[in-house]
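A structural walkthrough
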Amino acid sequence: MILRPYRPDDCPVLARLFYETVHTVNARDYSPQQLDAWADGTLDLQAFNASLLAHFALVAEEAGEIVGFGDMDETGYLDRLYVHHLHQGQGVATALCDALEAHFAVPRYETHASITARPFFTQRGYQVIREQQVLRKGVLLTNFVMVKSVQP
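Quick look at the structure, then. (Residues numbered from 1 in each chain as written. Predicted model: local features only at pLDDT ≥ 70, side-chain atom pairs only at ≥ 80, totals over all residues. Heavy atoms only, no water.)

Let's talk about the overall build of the protein chain
Formally: Strands are runs of DSSP state E lasting at least 2 residues, helices are runs of H or I lasting at least 4, and numbering of each runs from the N terminus. For every residue, the accessible area (1.4 Å probe, protein chains only) is compared with the maximum for its type, and the residue is labelled buried under 20%, exposed over 50%, or partly exposed between those bounds. Contacts are residue-level and defined by heavy atoms, with any inter-residue pair within 4.5 Å sufficient. All accessible-area figures derive from a Shrake-Rupley calculation using a 1.4 Å probe, and residue coverage is judged against the displayed protein chains alone.
Of regular secondary structure, the protein chain possesses five helices and seven strands. Expressed as lengths along the three principal axes of its C-alpha atoms, the size of the protein chain is roughly 45 × 40 × 30 Å. Out of the 152 residues belonging to the protein chain, those deemed buried represent 45%. Excluding contacts between residues fewer than 6 apart, the proportion of contacts in the protein chain whose partners are at least 24 apart in sequence is 63%. Per element, the accessible surface of the protein chain, about 8000 Å² overall, is 53% carbon and sulfur.

Right under this line is the structure:
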């Protein structure tokens with residue numbers, strides 16, 4: 001597996017990976033209505049691309065195929081972390097997180113973790129600050145504000 005910087009031509013592949021991951025991996029923790037509110041398959045690619053370009057975004061490739069991606073802003077906020085459903089449990093998310101966290105010298109990292117991702121972040125030393133309900137397209141989704149303090 002290699003990690004490389006995000007490129008705009010990755011955008012359509014990442015949008016498809018995002019949709020498929022939400023609708024397969026997260027299906028064990030969210031209802032079909034919640035999954036559709038989270039990822040309905042009509043992502044604005046221009047806005048998605050702009051958001052990824054505004055952050056430090058990495059893509060994970062295995063044998064030339066994109067298997068995951070993640071991005072973090074300069075404050076240490078981990079915005080997105082998605083791994084293809086066929087590549088779960090293979091260290092892709094760990095490698096992406098390690099690289100994203102290593103890129104920024106900040107006192108703490110923060111993410112808004114899904115129910116599904118919460119155990120992964122807990123294992124990485126993130127702690128739940130609060131559970132929250134996020135309204136998307138009229139549907140409430142539960143996630144967790146989690147932070148990880150960096151040791152000096």
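From this point, things continue past the structure.
Comments concerning the pattern of salt bridges
Oppositely charged side chains may form a pair once their charged atoms are brought near each other. Put simply, the rule is: A carboxyl oxygen of Asp or Glu within 4 Å of a side-chain nitrogen of Lys or Arg is what we treat as a salt bridge.
Taken as a whole and judged by the stated rule, the model has 11 salt bridges. R4 is the partner of D10 in a salt bridge, and the nearest nitrogen-oxygen pair spans 2.7 Å. An identical accessibility class is assigned to D10 and R4; each is buried. For D40, the salt bridge goes to K137, with nearest N and O atoms at 2.5 Å. Pair noted here: D40 is in the loop between α2 (32–38) and α3 (45–54) and K137 is in the loop between β6 (127–136) and β7 (139–149), with a separation of 97 residues, a long-range link. Given a relative accessible area of 35%, D40 falls into the partly exposed group.

Some remarks on the sheet that holds β7
Condition: Pairing between strands requires that DSSP locate at least two bridges from one strand to the other. All axes are obtained by fitting lines to C-alpha atoms, using only the stretch in contact for helices, and the reported angles, taken between N-to-C directions, cover 0 to 180 degrees.
Across the sheet, seven strands lie side by side as β1-β2-β3-β4-β5-β7-β6; this open sheet has mixed pairing. Of all the strands in the sheet, the pair left with one neighbour each is β1 (2–5) and β6. Between one strand axis and the next, the sheet turns by 30° as a mean value, whatever way the strands run. Bridge analysis of strand β4 (residues 77–83) against strand β5 (residues 108–114) gives two bridges, and the strand direction is parallel. Residue pairing in the sheet places L78 in a bridge with T111 of β5. Seen against the sheet, helix α1 (residues 11–24) touches β2 (56–62), β3 (65–72) and β4 and runs at an angle of roughly 90° to β3. Packing against the sheet, α3 makes contact with β2, β3 and β4, and its axis sits at approximately 120° to β4.

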